[in-house]
Amino acid sequence: MQVALVGVSGYSGMTLYALLKQHPAVDQINLYGHAGSQPVALKTVAPMYQKETAVIRPFDAQAVMAQNDLIFFATSAGVTSQLALPLIAENFPVIDLSGDFRLSNPAQYTKWYHRAAAPAEALAKASYGLADFNPTLTTYVANPGCYATATLLGLAPLVQQQLINPNSIVVDAKSGLSGAGKKLTPTSQFAMVNDNLQLYKVNQHQHIPEVMQQLKKWWPAIPAIEFTTTLIPVTRGIMSSIYVKAAQATTTATILAAFEQVYGDQPFVQILPAGEMPTLKDVIGSNNCAIGVNVNPVTNTIFVVSVIDNLMKGAAGQAIQNFNAYFNFAPTTGLPTLPVFP
Ligand SMILES: NC(=O)C1=CN([C@@H]2O[C@H](COP(=O)(O)OP(=O)(O)OC[C@H]3O[C@@H](n4cnc5c(N)ncnc54)[C@H](OP(=O)(O)O)[C@@H]3O)[C@@H](O)[C@H]2O)C=CC1
Ligand SMILES: CC(=O)N[C@@H](CCC(=O)OP(=O)(O)O)C(=O)O
């Protein structure tokens, strides 16, 4: 099988390239860059790939469709809403790591991403690929966002089984710097990131509507969530700390049983035993999500901690999971289920 990849010079594109290289069903990876650009050797934009002979060619929708079975876009927001339209028109298979096709309502995209949305008829063809819930995939798969993935996996059993007060969800999520991509900004300079914590996009994060869209599908009674994001001084990793009020008095054992019921058969979701809480290093380098649960009977609060590697489960790893599901390969094909530890 031949697959196309746009955005190999970015952080999630590089991660995806490495995963595709060792995927047993992938015979060739064809790389594409900016439309109208000159072909360039991969090793010149990514010096760690000196032994790779691949060349990044200018994006051309017709060439992509002629040469490949599927295309991955690991491109910045606003790119696929432009570049993918000819592929969508031909129902050519796409897995899009960006947020451009995750929100089904174009007005919501414009509001939260501060740019024009893809045309409504193109958006209508996309499916939201929250891979651990085995969604029905269309030819256009919108790969979920990193914070949204960690948060939704941490909330799903509580929401699906209506174990909580729907008006009480508070999420305190933290991310390593690679979540922001390779571009340098004033807040991503070493002196700002090192020895520091930075809250950002308070009540304005683009993953708020993405999480809400899915939560409402599971339980329409969820009115809103409190959701904050903090940049922490690590390279990879997301920790989503979730606080919710229990619908009725409960125990850690009862809530853990609900999580086991949902995730027991899922190869990538690890529910830790009572008394254990996950660390980022439990998942870094793997496609796993690790979840810890604790119930405080004094405050009637259920506390859930969900951790992922933002470039794996939060981006490239989940994209491969969706690729496997789309072509009916075994779920773990080409994906690491053990972290790089320590
Ligand atoms: N980093 C993460 O943890 C996660 C990222 N995502 C999403 O995945 C996407 C990629 O993120 P990330 O890897 O961090 O971003 P980077 O900024 O690191 O990389 C962006 C890539 O997109 C390419 N690109 C930008 N514009 C175009 C264009 N018009 N045509 C072709 N290629 C283009 C860039 O190429 P060039 O350098 O040549 O411009 C670069 O290769 C984003 O939409 C992001 O929101 C989703 C989940 C997690
Ligand atoms: C640390 C950091 O800056 N992380 C990014 C996550 C990027 C992402 O996943 O955004 P999309 O929805 O565009 O895919 C952020 O918070 O915006």
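How each quantity is defined
Residues numbered from 1 in each chain as written. Chains lettered and ligands numbered in written order. Predicted model: local features only at pLDDT ≥ 70, side-chain atom pairs only at ≥ 80, totals over all residues. Heavy atoms only, no water. UniProt positions renumbered as here; feature names shortened; annotations may be inferred. Near = heavy atom within 4 Å. Polar contact = N/O pair within 3.5 Å; in protein donor to acceptor, adjacent residues only side chain to side chain. Areas by Shrake-Rupley, 256 points an atom, 1.4 Å probe, with all protein chains shown as cover. Helix = DSSP H or I, 4+ residues; strand = E, 2+ residues; numbered from the N terminus. Nonpolar A, V, L, I, M, F, W, Y, C, P; charged D, E, K, R; others polar. Domains from an automatic or database assignment. Pairing = 2+ DSSP bridges. Axes fitted to C-alpha atoms, helices over the stretch in contact; angles between N-to-C directions. 1 Å grid on protein atoms, 1.4 Å probe; cavity = no way out; pocket = protein on both sides within 12 Å on 5 of 7 lines; lining within 4 Å. Points joined across faces, edges and corners; volume = space filled by probe spheres on them. Buried < 20%, exposed > 50% of the residue type's maximum accessible area, 1.4 Å probe, protein only. Right-handed = clockwise from strand over helix to strand, strands pointing away. Contact = heavy atoms within 4.5 Å. Buried area = accessible area lost by both parts, 1.4 Å probe. Salt bridge = Lys/Arg side-chain N within 4 Å of Asp/Glu carboxyl O.

Under an unreviewed UniProt entry, the name given to the protein chain is N-acetyl-gamma-glutamyl-phosphate reductase, and the organism recorded is Lactiplantibacillus brownii. We quote the UniProt Pathway (unreviewed entry) comment for the protein chain here in full: "Amino-acid biosynthesis; L-arginine biosynthesis; N(2)-acetyl-L-ornithine from L-glutamate: step 3/4." Quoted straight from UniProt, the Subcellular location (unreviewed entry) entry for the protein chain says "Cytoplasm".

Before going further, it helps to spend a moment on the site of ligand 1. Neighbouring ligand 1 are 26 residues, the closest being S9, S12, H34, T75 and K182. Contact distances for ligand 1 include 3.0 Å between an oxygen atom and a backbone N or O atom of Y11. With respect to ligand 1, the side chain of S12 contributes an N or O atom lying 2.6 Å from an oxygen atom. Contact with the protein chains removes 79% of the 890 Å² of surface that ligand 1 exposes when unbound. Every element with two or more residues in the shell around ligand 1 is listed here: α1 (11-21) and α12 (312-326). Here the shell around ligand 1 is composed, by residue class, of ten nonpolar, 14 polar and two charged. Counting residues domain by domain, the shell around ligand 1 receives three or more from each of domain 1 (2-144 + 313-326) and domain 2 (147-309).

Turning next to the sheet that holds strand β7 (residues 126-128). Taken in spatial order, the eight strands of this open sheet run β3-β4-β2-β1-β5-β6-β8-β7, and their pairing is mixed. Each edge of the sheet is formed by a strand with only one pairing partner; in this case those strands are β3 (40-41) and β7. As paired strands, strand β5 (residues 70-73) and strand β6 (residues 94-96) are joined by three bridges and run parallel to one another. Across the sheet, the residue bridging to I71 is V94, located in β6.

Neighbouring residues of ligand 2: 15 residues in total, closest Y113, Y200, K201, H205 and H207. Separating an oxygen atom of ligand 2 from a side-chain N or O atom of R102 is a distance of 2.7 Å. Expressed as a share of its isolated accessible area of 440 Å², the protein-covered part of ligand 2 is 83%. Partitioning the shell around ligand 2 into residue classes produces six nonpolar, seven polar and two charged.

Where strands meet in a sheet, backbone hydrogen bonds hold them as pairs that are either parallel or antiparallel. The strand order β10-β11-β9-β12-β15-β14-β13 describes an open sheet built from seven strands, whose pairing is mixed. Because the sheet does not close on itself, it has two edges, and the strands there are β10 (198-200) and β13 (269-271). Strand-to-strand twist in this sheet, taken as the mean axis angle between neighbours without regard to direction, amounts to 20 degrees. Note: strand β9 (residues 170-175) against strand β11 (residues 226-231), six bridges, orientation parallel. In the sheet register, K174 faces β11, and the bridge partner there is T230.

Before going further, it helps to spend a moment on the layout of surface pockets. In this model, the second largest pocket occupies a volume close to 190 Å³. Taken together, A131, N134, P135, D265, Q266, P267, F268, Q321, N324, A325, F329 and P331 form the lining of the second largest pocket. Looking at the lining of the second largest pocket, its residues break down into seven nonpolar, four polar and one charged. Per-domain counts for the lining of the second largest pocket show at least three residues from each of domain 1 (2-144 + 313-326) and domain 2 (147-309).

Moving on, we get to the pairing of strand β1 (residues 2-6). Counting buried positions over the five residues of β1 gives four, a clear majority of the element. Examined bridge by bridge, β1 and strand β2 (residues 28-33) share five bridges and lie parallel to one another. Bridging across to β2, V3 finds its partner in I29. In this view, the connection linking β1 to its parallel neighbour β2 by way of α1 has right-handed handedness. The sheet contact formed by β1 and β5 spans four bridges and is parallel. Looking across to β5, one finds that V6 is bridged to F73.

Taken domain by domain, the protein chain consists of domain 1 (2-144 + 313-326) and domain 2 (147-309). Each of domain 1 and domain 2 has a C-alpha centre, and these two points are 25 Å apart. Taken together, the contact pairs 21 residues of domain 1 with 32 residues of domain 2. Between domain 1 and domain 2 the total buried area reaches about 2,100 Å² when both faces are included, carbon and sulfur atoms providing 58% of it. Together, W112, F133 and K313 form the three largest contributors to the area buried by domain 1 at its contact with domain 2, with a combined 32%. As a salt-bridge pair, R102 and E210 come within 3.0 Å of each other at their nearest N and O atoms. Where domain 1 packs against domain 2, one counts twelve residue pairs in polar contact (both at pLDDT 80 or more). Elements represented by at least two residues in the side of domain 1 that touches domain 2 include exactly α1, α6 (106-113) and α12. Sort the elements by how many residues they give to the side of domain 1 that touches domain 2 and α12 lands first, with five residues.

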